[in-house]
Amino acid sequence: MTKDTDNSKPPIQSSTEVFEQAMLKKELQDEHYILRLFVAGITPNSQRAIDNVQKICESYLQGRYVLDIIDIYQQPSYAKQSQIIAAPTLIKELPLPLRKFIGDLSKTEQILAGLEIIKKPPQPTE
Amino acid sequence: MQNLLKTPTGIKGLDEITDGGLPQGRPTLICGGTGCGKTLLAMEFLVRGATQFNEPGVFMSFEEKSDELTKNFASLGFDLNELIDQNLLTIDHVHLDPSEIEETGEYDLEGLLIRLGFGIDSIDAKRVVLDTIEALFSGFSNEAILRAELRRLFRFLKDKGVTAIITGEQGESTFTRYGLEEYVADCVIFLNHTVYQQIATRRMRIVKYRGSAHGTNEYPFLIDQQGFSVMPISSLGLDHPASNERIPTGVPRLDTMLGGKGYFRGSSILISGTAGTGKSSLAAHFVNAACARGERCLYFAFEESQNQIIRNMHSIGIDLGQWVEQGLLQFQNARATLYGLEMHLVVMHKAIDQFHPSCVVIDPISNLIATASEAEVKSMMSRMIDYLKMKQITALCTDLSSISGSLERAEINISSLMDTWLLLQILEARGERNRGLYVLKSRGMSHSNQVREFILSDDGIQLRDVYIGLSGVLTGSSRDNQEAKDLAEALDCQQQIELRQRDIERKKLAIEAQILALNTQFEAEKDDLIRLINKEKLRNDTLLLDRQAMAKLKQADKPSAPLSTIKNNELGASK
């Protein structure tokens with residue numbers, strides 16, 4: 001263990017730089033988003049979720065997103081593959097890390113923070 | 001009235017205590033603490049359903065991944081992959097990571113229901129397991145939605161008509177941590193894993209079974225290489241068959257003591273005795289005789305290993321090894337402290353079910369007693385013996401009693417359960433210890449009330465009469481001594497008699513000789529007399545002739561008749 005840390009000391013210093021560079025890059029680059037929305041039929045929740053996600057994408061990610069909307073009633077095997085439990089569920093597959101949002105996606109601020117579209121997430125209010 | 005339909009679990013014993021299985025088409029809750037076997041029970045329900053009843057099943061796991069489950073159950077001999085390939089099983093691992101999920105408004109658990117529904121429809125499943133659905137509570141923060149959705153989930157399961165098992169972790173004062181029993185109202189099974197005196201015992205209890213009779217006790221259960229087995233060993237009742245067949249004890253003289261034929265088949269025999277009185281040897285004789293008749297024997301040894309027993313019995317001329325090789329004899333060796341009494345019962349039960357013996361030896365039963373309280377021992381033993389009697393298995397138990405107060409203890413515990421009770425005792429006298437054997441009781445047969453001396457020789461056990469004389473009961477060398485003395489006395493007596501007989505004989509001969517002599521003398525005298533008579537006659541005749549000649553010479557007129565002739569004539573004339 002001690003050997004490893006000794007060896008990796010110089011990379012640590014440089015990795016900070018790499019990280020900072022990456023942060024800069026991220027700001028500059030228009031990252032592509034791959035989003036999947038799983039809904040269970042046309043329920044009020046589904047409808048709202050679809051409206052909300054489309055609104056967000058159009059407002060913040062115009063031109064750099066792919067949004068799939070999947071009805072798990074029609075394709076139930078997808079539910080297992082993507083580990084869907086609740087409906088509706090929005091999965092951000094790219095950029096990493098993978099995140100899931102459940103519910104009708106009405107809390108826009110929270111979603112924007114979760115999607116890392118806006119930098120500073122508002123403190124979650126209980 | 002239609003009875004509640006039940007789905008047999010195929011798990012040994014569980015169907016008996018539930019009177020046929022779990023309620024069909026309804027969910028059953030299995031709850032218990034960590035590591036008590038909930039997942040195993042649930043999985044075995046599916047595996048047995050698939051393999052024995054051709055009912056496919058869905059296993060929805062919230063904790064273990066499917067490859068983990070496959071590995072874990074491979075060690076129990078369940079090949080889950082094969083079942084999955086045959087479309088008899090579906091494992092759906094529900095991955096729940098609260099850190100990945102953000103709740104952003106209203107939602108429902110339709111995704112879970114769809115997955116479950118898809119799983120059920122894809123293989124036409126009849127059985128479903130949700131293990132452990134409580135994981136949802138840690139994954140989602142909105143409990144109100146969750147509870148509403150759970151209710152919907154259970155309704156969904158009922159609508160689908162599947163028999164479901166829901167597992168739940170035990171709560172502090174409730175059966176499950178999140179109160180799942182609220183939703184599953186039909187059947188609740190509680191698993192328990194208790195440690196008493198450092199010995200762990202797993203138990204199962206049916207807390208509730210709506211619309212069905214069920215066993216209410218805590219039943220011990222076992223998890224081993226063959227999976228789950230529950231032992232409903234209680235309340236068997238006293239209606240077991242009673243055989244009139246007698247089986248030899250292996251010691252001919254002991255057979256004689258027991259009405260000439262030995263034990264009853266299916267009876268229970270207790271051999272009590274202090275250390276070194278030959279209990280195991282007596283048991284070995286019994287086993288040897290049974291195996292020689294071609295019967296199967298199961299030997300539960302709690303003190304010695306199999307090899308040790310075989311070696312030791314060689315010294316009294318019994319070769320148990322050959323029976324083991326022929327598959328007629330099986331040893332089950334375990335330390336009594338290995339597990340609790342109930343567990344022992346379960347293990348023995350299982351071994352008996354697998355081996356189908358006609359004779360069982362428990363050597364010694366007293367070691368089991370040491371691991372639990374008296375009441376437990378009695379209940380365990382009565383269940384064991386009831387079970388053996390039901391199966392018509394002859395049970396021979398040895399009981400190591402301590403020197404003092406031994407009998408009373410055995411009496412309290414088990415003697416009333418036993419049909420035949422042999423007591424081996426050390427008879428100590430004149431610096432010698434000898435073994436004595438009594439028949440304390442033997443139900444249903446006339447038996448000897450005599451003490452027999454019990455001798456372990458190279459050719460096995462021999463029973464000999466003890467010497468009962470003026471100086472009391474004698475055994476061992478003093479008995480031999482006394483017998484020698486008796487023999488000498490008898491010889492002496494015999495010699496005296498012979499001597500007297502010879503005397504008499506001699507006397508008889510002497511008397512006979514005397515008689516002969518007297519007879520001879522008599523004969524001689526008789527001869528003398530005859531000779532005298534003849535001589536006299538001759539003399540008379542001569543005299544007559546002389547007289548006639550004289551008369552002739554004198555020329556007398558008429559010859560005078562001789563005296564005798566005259567007399568005869570006169571007598572004849574007068575007639």
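Residues numbered from 1 in each chain as written. Chains lettered and ligands numbered in written order. Predicted model: local features only at pLDDT ≥ 70, side-chain atom pairs only at ≥ 80, totals over all residues. Heavy atoms only, no water.

Asker: What is the right way to read empty space enclosed by the protein from this model?
Answerer: Over the atoms rolls a probe the size of a water molecule, and its path tells where empty space is left. Under the definition given, this model contains one cavity of 30 Å³ or more. As a volume, the largest cavity reaches approximately 60 Å³. Gln83(A), Ile84(A), Ile85(A), Ala86(A), Thr89(A), Lys100(A), Ile102(A), His95(B), Ile101(B) and Phe140(B) together form the lining of the largest cavity. Looking at side-chain class alone, the lining of the largest cavity contains six nonpolar, three polar and one charged residues. (1 Å grid on protein atoms, 1.4 Å probe; cavity = no way out; pocket = protein on both sides within 12 Å on 5 of 7 lines; lining within 4 Å. Points joined across faces, edges and corners; volume = space filled by probe spheres on them. Nonpolar A, V, L, I, M, F, W, Y, C, P; charged D, E, K, R; others polar.)

Asker: It is not clear to me how the interface of chain A and chain B should be interpreted in this structure. Could you clarify?
Answerer: Size of an interface, as often reported, equals the accessible area lost when the parts are brought together. In this assembly, 28 residues from chain A lie in contact with 26 residues from chain B. Each partner contributes to the roughly 2300 Å² buried at the junction of chain A and chain B, and carbon and sulfur atoms together form 54% of this total. Of all residues in chain A, Lys80(A), Ile85(A) and Ile102(A) give up the largest surface area on contact with chain B, accounting jointly for 31% of the area buried on that side. Between the two partners, chain A and chain B, sit one salt bridge. Across the pair Glu102(B) and Arg99(A) runs a salt bridge, and its minimum N-O distance is 2.6 Å. (Contact = heavy atoms within 4.5 Å. Buried area = accessible area lost by both parts, 1.4 Å probe. Salt bridge = Lys/Arg side-chain N within 4 Å of Asp/Glu carboxyl O.)

Asker: Before we go on, may I ask you to explain the pairing of strand β3 (residues 89-94) of chain A in this structure?
Answerer: Every other side chain in a regular strand lies on the same face of the sheet, so the side chains alternate between the two faces. Residues and elements named next belong to chain A. The sheet contact formed by strand β1 (residues 33-39) and β3 spans five bridges and is antiparallel. When the sheet's bridge partners are listed, Leu-37 is paired in β3 with Leu-90. Relative to strand β4 (residues 99-102), β3 is paired through four bridges, and the arrangement is antiparallel. The residue of β4 that forms the bridge with Leu-90 is Phe-101. (Pairing = 2+ DSSP bridges. Helix = DSSP H or I, 4+ residues; strand = E, 2+ residues; numbered from the N terminus.)

Asker: Just checking my understanding: could you explain the packing of aromatic side chains for this structure?
Answerer: Each pair of aromatic rings is reported with the distance of its centres and the angle of its planes. Residues and elements named next belong to chain B. Summed over the entire model, instances satisfying the criterion amount to four aromatic pairs over all chains. A cation over an aromatic ring shows up here: Arg-127 above the ring of Phe-45, its NZ or CZ 4.5 Å from the ring centre. Taking NZ or CZ as reference, Arg-246 lies 4.7 Å from the ring centre of Phe-264, over its face. (Phe/Tyr/Trp six-rings, centres within 6.5 Å; stacked < 30°, edge-to-face > 60°. Lys NZ or Arg CZ within 6 Å of the ring centre and 35° of its normal.)

Asker: Hey, could you run me through the confidence of the model for chain A in this one?
Answerer: When pLDDT is low, close inspection of the predicted coordinates is not appropriate. Residues and elements named next belong to chain A. Taken over all residues, the pLDDT of chain A has a mean of 75, while the share at 70 or more is 75%. Considering each helix and strand of chain A separately, the mean pLDDT is smallest for helix α1 (residues 2-7), with a value of 47, and largest for β1, with 87. Low pLDDT (under 50) marks residues 1-6, which in the prediction has zero contacts with non-local residues, meaning those over four places away or in another chain. (pLDDT = per-residue confidence, 0-100.)

Asker: Any chance you could explain the pattern of salt bridges here in plain terms?
Answerer: Between side chains of opposite charge, a pair can form as their charged atoms come close. Residues and elements named next belong to chain B. Overall, the coordinates contain 24 salt bridges over all chains when judged by the stated rule. Arg-26 is the partner of Asp-186 in a salt bridge, and the nearest nitrogen-oxygen pair spans 2.9 Å. With a gap of 160 residues between them, Asp-186 in the loop between β8 (163-169) and β9 (187-196) and Arg-26 in the loop between β2 (22-23) and β3 (27-32) connect regions that are remote in the sequence. On the basis of relative accessible area, Arg-26 is assigned to the partly exposed category, the value being 27%. Note that Arg-152 is salt-bridged to Glu-110, the shortest N-O span being 2.8 Å. Taken as a pair, Arg-152 in helix α7 (residues 143-160) and Glu-110 in helix α5 (residues 110-123) lie far apart in primary sequence, 42 residues in all. (Buried < 20%, exposed > 50% of the residue type's maximum accessible area, 1.4 Å probe, protein only.)

Asker: Please clarify how helix α2 (residues 38-52) of chain B should be interpreted in this entry.
Answerer: One turn of an α-helix holds 3.6 residues; hence residues three or four places apart share an orientation. All names here are of chain B. Across its 15 residues, α2 extends 21 Å between first and last C-alpha, which sits within 8% of the 21 Å expected from 1.5 Å per residue. Within α2, 13 of the 15 residues are buried, leaving the element largely enclosed by the surrounding structure. At the exit of α2 stands Asn-54, carrying a positive phi of roughly 55°. (Expected span 1.5 Å × (residues − 1).)

Asker: Please clarify how helix α9 (residues 279-292) of chain B should be interpreted in this entry.
Answerer: Residue and element names in this part refer to chain B. Helix length check: α9, at 14 residues, gives a terminal C-alpha distance of 20 Å against a target of 20 Å (1.5 Å per residue), a fit within 8%. The buried fraction of α9 is high, at 12 of 14 residues. Along α9, the positions that sit buried rather than exposed are Lys-279, Ser-280, Ser-281, Leu-282, Ala-283, Ala-284, His-285, Phe-286, Val-287, Ala-289, Ala-290 and Cys-291. Positive phi shows up at Gly-294, right after α9, with a value of about 90°.

Asker: Looking at this model, I keep getting lost on the side chain of Thr18(B). Mind explaining?
Answerer: Relative to the elements of secondary structure, Thr18(B) occurs in the loop between α1 (14-17) and β2. Sequence-distant contacts of Thr18(B), that is, excluding residues within four places in its chain, are made with Lys6(B), Ile206(B), Tyr209(B), Ser212(B) and Ala213(B).

Asker: Teacher, can you tell me more about the packing of α5(B) against α7(B) here?
Answerer: Packed helices, taken two at a time, are described by the angle their axes make and the gap between the axes. Residues and elements named next belong to chain B. Relative orientation of the contacting elements α5 and α7 amounts to 15°, with a least axis distance of 10 Å. Considering their axes alone, α5 and α7 lie roughly parallel with respect to each other. Helix-helix and strand crossings are classified by hand; for α5 and α7 the assignment is right-handed. Taken together, the residues of α7 that come into contact with α5 (itself represented by Glu-110, Leu-113, Leu-116, Gly-117, Ile-120 and Asp-121) are Glu-149, Arg-152, Leu-153, Phe-156, Leu-157 and Lys-160. A breakdown of the residues in the contact of α5 with α7 according to their chemical character gives six nonpolar, one polar and five charged. (Axes fitted to C-alpha atoms, helices over the stretch in contact; angles between N-to-C directions. Parallel < 35°, antiparallel > 145°, perpendicular 65-115°, else oblique. Left-handed = near helix turned anticlockwise from the far one by under 90°.)

Asker: Explain the sheet that holds strand β6 (residues 101-103) of chain B here, please?
Answerer: Across a sheet, paired strands are connected by hydrogen bonds in the backbone, their directions being either parallel or antiparallel. The sheet built from five strands is open, its strands ordered β2(A)-β1(A)-β3(A)-β4(A)-β6(B) with mixed pairing. Here the strands that pair on one side only, and so sit at the sheet edges, are β2 (65-71) of chain A together with β6 of chain B. The average undirected angle you get between the axes of adjacent strands in this sheet is 20°.

Asker: Is there a simple way to think about the environment of Leu40(B) in this case?
Answerer: Residue and element names in this part refer to chain B. Checked against the element boundaries, Leu-40 lands in helix α2. Owing to a relative accessible area of 9%, Leu-40 belongs among the buried residues under this scheme. Sequence-wise, Leu-40 and Ile-223 are 183 residues apart; in three dimensions their C-alpha atoms are separated by 8.6 Å. Among all residues touching Leu-40, those that are not within four sequence positions of it are Phe-73, Leu-76, Ile-223 and Phe-228.

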